[in-house]
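Understanding the architecture of this molecule
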4 protein chains.
Amino acid sequence: MLLRDPVHGLIAFKSEVESVVPRLLDCREVQRLRRIRALGLASLAYPGGEHSRFAHAIGSAHVMRRYLDRVATLAEDVPPHDRIDDEHAMIALAAALLHDLGHGPYSHTFEAVIPGMPRHELWTSRILLDPDTEVHRALAAIDPTMPAKVDRLIHGESEIRHLARAVSGTFDVDRCDYLLRDSYMTGVRYGTLDLDWLLASLRLYVPEGQSAAYLAVDGEKGLTAVESFFLARLYMYRQVYLHKAVRSAEVILRALVRRLCELGPQPGTPPAMEKLLRGETLTTGEYLDMDDRTLETALYDYCGSKDSVLAGLAARLRHRRLFKSLRLRPEADSKTVQSRLDAVLAAADVGPAYLGVVDRVEQDVYRDDAALVVISSSGRREQLIDVSPVLRGLSRERIVQHRAIFPPEIRSEVRAALADFR
Amino acid sequence: MLLRDPVHGLIAFKSEVESVVPRLLDCREVQRLRRIRALGLASLAYPGGEHSRFAHAIGSAHVMRRYLDRVATLAEDVPPHDRIDDEHAMIALAAALLHDLGHGPYSHTFEAVIPGMPRHELWTSRILLDPDTEVHRALAAIDPTMPAKVDRLIHGESEIRHLARAVSGTFDVDRCDYLLRDSYMTGVRYGTLDLDWLLASLRLYVPEGQSAAYLAVDGEKGLTAVESFFLARLYMYRQVYLHKAVRSAEVILRALVRRLCELGPQPGTPPAMEKLLRGETLTTGEYLDMDDRTLETALYDYCGSKDSVLAGLAARLRHRRLFKSLRLRPEADSKTVQSRLDAVLAAADVGPAYLGVVDRVEQDVYRDDAALVVISSSGRREQLIDVSPVLRGLSRERIVQHRAIFPPEIRSEVRAALADFR
Amino acid sequence: MLLRDPVHGLIAFKSEVESVVPRLLDCREVQRLRRIRALGLASLAYPGGEHSRFAHAIGSAHVMRRYLDRVATLAEDVPPHDRIDDEHAMIALAAALLHDLGHGPYSHTFEAVIPGMPRHELWTSRILLDPDTEVHRALAAIDPTMPAKVDRLIHGESEIRHLARAVSGTFDVDRCDYLLRDSYMTGVRYGTLDLDWLLASLRLYVPEGQSAAYLAVDGEKGLTAVESFFLARLYMYRQVYLHKAVRSAEVILRALVRRLCELGPQPGTPPAMEKLLRGETLTTGEYLDMDDRTLETALYDYCGSKDSVLAGLAARLRHRRLFKSLRLRPEADSKTVQSRLDAVLAAADVGPAYLGVVDRVEQDVYRDDAALVVISSSGRREQLIDVSPVLRGLSRERIVQHRAIFPPEIRSEVRAALADFR
Amino acid sequence: MLLRDPVHGLIAFKSEVESVVPRLLDCREVQRLRRIRALGLASLAYPGGEHSRFAHAIGSAHVMRRYLDRVATLAEDVPPHDRIDDEHAMIALAAALLHDLGHGPYSHTFEAVIPGMPRHELWTSRILLDPDTEVHRALAAIDPTMPAKVDRLIHGESEIRHLARAVSGTFDVDRCDYLLRDSYMTGVRYGTLDLDWLLASLRLYVPEGQSAAYLAVDGEKGLTAVESFFLARLYMYRQVYLHKAVRSAEVILRALVRRLCELGPQPGTPPAMEKLLRGETLTTGEYLDMDDRTLETALYDYCGSKDSVLAGLAARLRHRRLFKSLRLRPEADSKTVQSRLDAVLAAADVGPAYLGVVDRVEQDVYRDDAALVVISSSGRREQLIDVSPVLRGLSRERIVQHRAIFPPEIRSEVRAALADFR
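Here's what I pulled together on the structure shown here. Here the structure is a predicted model, which is why all the values come from computation and not from measurement.

1. Focus: the sheet that holds strand S8 (residues 381–383) of chain D
All names here are of chain D. What the four strands build is an open sheet, ordered S3-S4-S7-S8; its pairing is mixed. Each having just a single partner strand, strand S3 (202–205) and S8 make up the two edges of the open sheet. Pairwise comparison of adjacent strand axes, ignoring direction, gives a mean angle of 45° for this sheet. Bridging between S3 and strand S4 (residues 214–218) involves four bridges; their strand directions are antiparallel. Paired with Leu 202 across the two strands is Val 217, which belongs to S4. Where helix H12 (residues 219–241) meets the sheet, it contacts S4 and strand S7 (373–375), and its direction lies at approximately 95° from that of S4.

This is the structure:
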């Protein structure tokens, strides 16, 4: 299997072990990922960001293959039980490919807006462990214990500690692929994820008195690559994932879901979504039937709803008529802002109170990961934060995005009402 | 309006004249292009190729803006009536942005598989000229004659000849954007479209005894850029647009449409498609309601059809279980191949005869365009083919893709039956 | 004038005003920059980094042209006396092109190792103001006051404050070009200098009660681009300009110069360098005769010197046999390290004491520039450090590079002697 | 050994076998390549093209490493005697690294302008086989037969046929690196050399009745990559290697050498060059002492010559005051052109007749290589020209560059005299 990928160039899975990837790619649950946009609503902010989870799944498996190649060259540094044999390599490739299987329509957006919705990681497990899915059968055909092993690894559990971290850790293969891919597709090129150099500067070491190998970074060669990884992540959050258009669209979608709950069953709501809104549990099959198309079809139908609030919100998403947002100072009191916003909305009579939202996102710029150490040229192990002035500086700061989000009709009133918070 | 585009970098429409672009972008018919994949089925071959017509529309308008900037610097070379005033600039930007308005689900695929379907260019006109569409109203608000003027220009008609050619000609802004974009997104980087250099080497000239300015290329500076444009196009056809997976998927979709015609109305067929299959004409509104989602929803429903042929074909497209293809020699006799293929299908009893298809595409590698001339350093005008040994060489060749496409179940039988044609 | 540049793509200087660039390019003092490596000794660390000051000079003029285009669109924001007329545009382009005229062999290296050497900025002035140079004559032919005006602007003096800052300030055109170019050529791609976005987010404003326009950045659009610029600079320092091989080579060159001073006149020393070593002043013509070739020829000759120290140091540079370096903790006491290093050298008898050097470089990660402000979406002016958590975090840190540099023969002794400082 | 290269990204030579590369890199004859510009005079046309043979040597060794990795995966397709063992791998890496050892000042330029000069390939042999050179000693230290084996392989001789071709054949590692590097450095990006895909589509096969393995290309996967390689080469010739400024500068250098021969010994001529001009043979040591600096120093000295012709030619090269060139029709009769040029020169009295030169370069656009075959999906072996319409078309054409090159003083006279040939 030889594939051209815009991000990684040529991707190949050729060996016996690697053949697990093409076999899983043929499963319908993996093909379904073609119908789920990786960036959810962010394509409303970046027209290029329309790629699916499918391309990301392949990319993650490719990064895992490169990780396995790299740790094979480090085998001598670790005890035999921490080396990757063929079975573990196969599990690792499968885990990388399948880690996102449980995403619903518009990826993270969906679970964020449906109240009480199980998280996609849980659905991933259900799909893997359900004997009726094609991925389950493909894995079980290799070995009946495979589905459970892959599932455990996806959730960061493995007897090989460093492998668990490569699937679910600070620098996992998932992040490596999505940061590169989302940056490539949106055209947002801040921060550099230098995958070649990260892999080349990776080390494995066994702390004294322990038996499991840990991931580490060569401090002479790899420090800049590691810092840049964190900066790349920071910038993708700021520029893309938390872009004001994304937050605005999510506020609208959340309001729409709330309206649906208020109204009770509406024409156009797909049965599976109806069940979700009632708080019922879906079968794996019902869940898998849902993809971006499901949501888009519902939105299309709601545009014709008799309820003008529902119809209006649906039309906003369908035709990209987003709410406006107003940047607030980090220290502005959210409660006061919210009550002023409520007052403006009430006075203007443009719809339910929940159309005006105070959106506050607060994030550490960098949080040190005790499990990821740096090995200096003299062999000492140190925390990243102790050797990197850049990360140390960043670790003391928080990024706060504070915005009021509201329908455009009341823009001037909101600007006036919140003038002292800007 | 400032936008980040992965292909062109920063895109800005800022002047009064350019403001037509953001105004049109807000129209729902333009927003609809977000729901239509530019490459249709090609994302089945290139996981990166999932971008929509929307990003391409903006990119085309951007290339047009650059074209207008360039010809403004050439104004002295042409008579006043061939210079671009503000009105024509606005029409040109609108035409570039809106040229693809009429595409249906999966872009070209849709019109290729529905028998008797009007081509997308016709739908573009209908949408532009229909007083109920938002794009019509946005244009008419500027000037009531605008919709018709934009429509004419999209169809290559304008009193300014070179502008007509820039919208619809050998090197039009549409091609410039899609070759760059499709290459970027699929990762297929053969051929180079050097837009900067193409624009810099563009000339306008008025042939003796005529009054209209023609496009030309500076032979000293631009020949390589022009040759590379044609090579880029050639390679995108070979590697992407005519990729075997694309052809295979199209054969399946075509067979599915044929099956639908045989079966008569089926549950799941959207009403608009039903009308199309009956050969009826859609209203603009009905047509605009269709997008990729419409087709995907129908495929989902057909997967549960009682007709096993229909269900099978739909499942193939939904889960990417494509037909196989076998490369044939260019000179193999298509009729003989087809009859052998029919015989194999009949013997194997895997479905209707139209599941086995001989697919023959023949293309000139390069066809000279008499209207595009080269101006040598001594001021002579020459045909491209006379000054470029590369294009002259290519003009004598044809590319033939000849394949048998058929269900995988009969692969070995087909290989045996067609052994002498490979 | 149309030129292909690997960093900026197509570079064009076409208007009457811009024609100053091709005219100056023909001057021998500008052509001389082809013989001066921009990165000095850094090509010993990065084989790709062999580009000259000449390409950088053209690139700087190109960035200036883009700056002038940008500020032309902002003309309405500033009083008439701060707009750029043709004369100032010409001066600005000339200043950008000529700002590095005074560099000697190996760029910064040369002035760093010759004791008492006037800095290259001073030589730039001398060359510009010397009526015998071709650049002087080319500028004076336009207007006799031009050489002096260009010289003043290069030194950051102009009645147009923002222009002075664009030539010599936090983000000047020089830095924009060299960060991009050095990164491209060495392959070190950490940090992103997003020139398009920086220019697009540039603003001019006149503080209340003042009359001169200042540069500012649009806080909504430009903050990430500005932060990334500073990160790009940080990473180029760490990865390239202060690379251990560069420092090691500079230590060797400095030792060689010291040896020359000890020995008195040596065969092979070019007369101009001889004068410099004696502390005499060169004429402009003598200075201009020196370029990389001068130094390389001297090194070649010194390789055959009877003085084994001189010959050894020259051979080290010529054949890249660098001194070793040992990373020291930032807090290690430099004096103690130096005395231990001296002791090792003395014991090993490998040469004069100055062959062992403690190299300590300390730099602010980010220092706020009061003159560069951010304009928020509500029109407030703020300091970068107040709106950017990233820069605020970085401003609290310093980067310290602390190394012992010494001949490889004594490596194990040095490692032992300095074990407690590593 | 881990290195950052702008073209290939990260370059690593880590295994025991690969350690031959860092050992050879330390040799002074390899370090000398830092002082020889790869593109010779082409940096006069492309300011970016200033890179040295040194970076290219490392890049070639890197491509060889990738070739060896690839053929290792194909080992089963070939008889044991055609597999690459450790010794052959070491020889191959050394050959790739050292193949350009014998280049003189300005690479190809030097041997092109000195009459009777042995070609650089011969000097490479002399340097390798001379027991006094460091490369000889480094190789002999591994095994006394190594220098001769490496020399044989560099000249395309090896008992492993496919390896010989990888060092010196249609697609050798030298070409792969220089096409990529020269394109990257000059910014001329026409044609695509898709190294990943070329390597992935490489096959080895043993023709029936023979015992040696041949290189082949997978026709399904690799045809476009192969065609693009040839197009990349074509474009680099046209845009860079045969650029009019390069040809003009070479004409000047050739005239300068001729003048030197006419004048007899001149101050400033380095002794080695003096011997070469007298037709004497240099020792290896004398030859190795020459590099770009040698030529530049001579030019500097000649600028002060009493012979005005010599001084003028040297100043032209030093200060880039090139001769003009006039494009002629391919079919123009060179002899007639030359005699008219001579007449103009004689009438204008600007110098010896050899200052006016008719420069005619004729090249096949593509010449088929019988030894490089394509393997179709059905296993048939075919010639490239039979399966590629693009290459077939190109193979019928020739590229002719026909120019008159002459001092600028006589430009208008030459244009008049040659008007009918343009």
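2. Thoughts on the pairing of strand S4 (residues 214–218) of chain A
Across three bridges, S4 of chain A lies against strand S7 (residues 373–375) of chain A in parallel orientation. Its bridge partner lying in S7 of chain A, Val 217 of chain A is registered against Val 374 of chain A.

3. Overview of the packing of helix H12 (residues 219–241) of chain B against H12 of chain D
The interhelical angle for the contact between H12 of chain B and H12 of chain D, taken along N-to-C directions, is 175°, at an axis separation of 13 Å. Regarding the angle of H12 of chain B to H12 of chain D, the classification is roughly antiparallel. Contacts between H12 of chain B and H12 of chain D involve Thr 224, Leu 231, Tyr 235, Arg 238 and Gln 239 of chain B from the former and Thr 224, Leu 231, Tyr 235, Arg 238 and Gln 239 of chain D from the latter. Taken together, the residues of the contact of H12 of chain B with H12 of chain D break down into four nonpolar, four polar and two charged.

4. Notes on the relation of the copies chain A and chain D
The two copies are related by a screw operation: chain A maps onto chain D through 180° of rotation and 0.0 Å of translation along the axis, at an RMSD of 0.0 Å. Read as a symmetry element, the transformation amounts to a two-fold axis. Most of the interface of chain A is mirrored in chain D, where 100% of its interface residues again form contacts.

5. With respect to the relation of the copies chain B and chain A
The operation relating the pair of chain copies consists of a rotation about an axis and a translation along that axis. The two copies are related by a screw motion: chain B maps onto chain A through a turn of 180° and a shift of 0.0 Å along the axis, at an RMSD of 0.0 Å. The fraction of interface residues of chain B whose copies in chain A are also interface residues reaches 96%, indicating that both copies meet through the same surface.

6. Things to note about unusual backbone geometry
Although it is not a glycine, Asp 349 of chain A adopts a positive phi angle of roughly 55°. Within the secondary structure layout, Asp 349 of chain A lies in the loop between helix H18 (334–348) and strand S6 (357–364). One non-glycine residue, Ser 107 of chain D, lies in the positive phi region at around 50°. Inspection of the secondary structure assignment puts Ser 107 of chain D in the loop between helix H4 (86–98) and helix H5 (108–113). A count of 23 C-beta atoms within 10 Å places Ser 107 of chain D in the buried class.

7. Focus on the environment of Leu 139 of chain A
All names here are of chain A. The residue Leu 139 is located in helix H7 (residues 134–142) in this model. Taking the C-alpha atoms as reference, Leu 139 lies 54 Å from Leu 345; in sequence the two are 206 residues apart. Beyond its immediate sequence surroundings of up to four residues, Leu 139 is in contact with Ala 94, Met 146, Pro 147 and Val 150.

Thresholds, definitions, all that
- Residues numbered from 1 in each chain as written.
- Chains lettered and ligands numbered in written order.
- Predicted model: local features only at pLDDT ≥ 70, side-chain atom pairs only at ≥ 80, totals over all residues.
- Pairing = 2+ DSSP bridges.
- Helix = DSSP H or I, 4+ residues; strand = E, 2+ residues; numbered from the N terminus.
- Axes fitted to C-alpha atoms, helices over the stretch in contact; angles between N-to-C directions.
- Contact = placed C-beta atoms within 7 Å.
- Parallel < 35°, antiparallel > 145°, perpendicular 65-115°, else oblique.
- Nonpolar A, V, L, I, M, F, W, Y, C, P; charged D, E, K, R; others polar.
- Least-squares fit on C-alpha atoms with pLDDT ≥ 70 in both.
- Buried ≥ 20, exposed ≤ 12 C-beta atoms within 10 Å, placed from the backbone.

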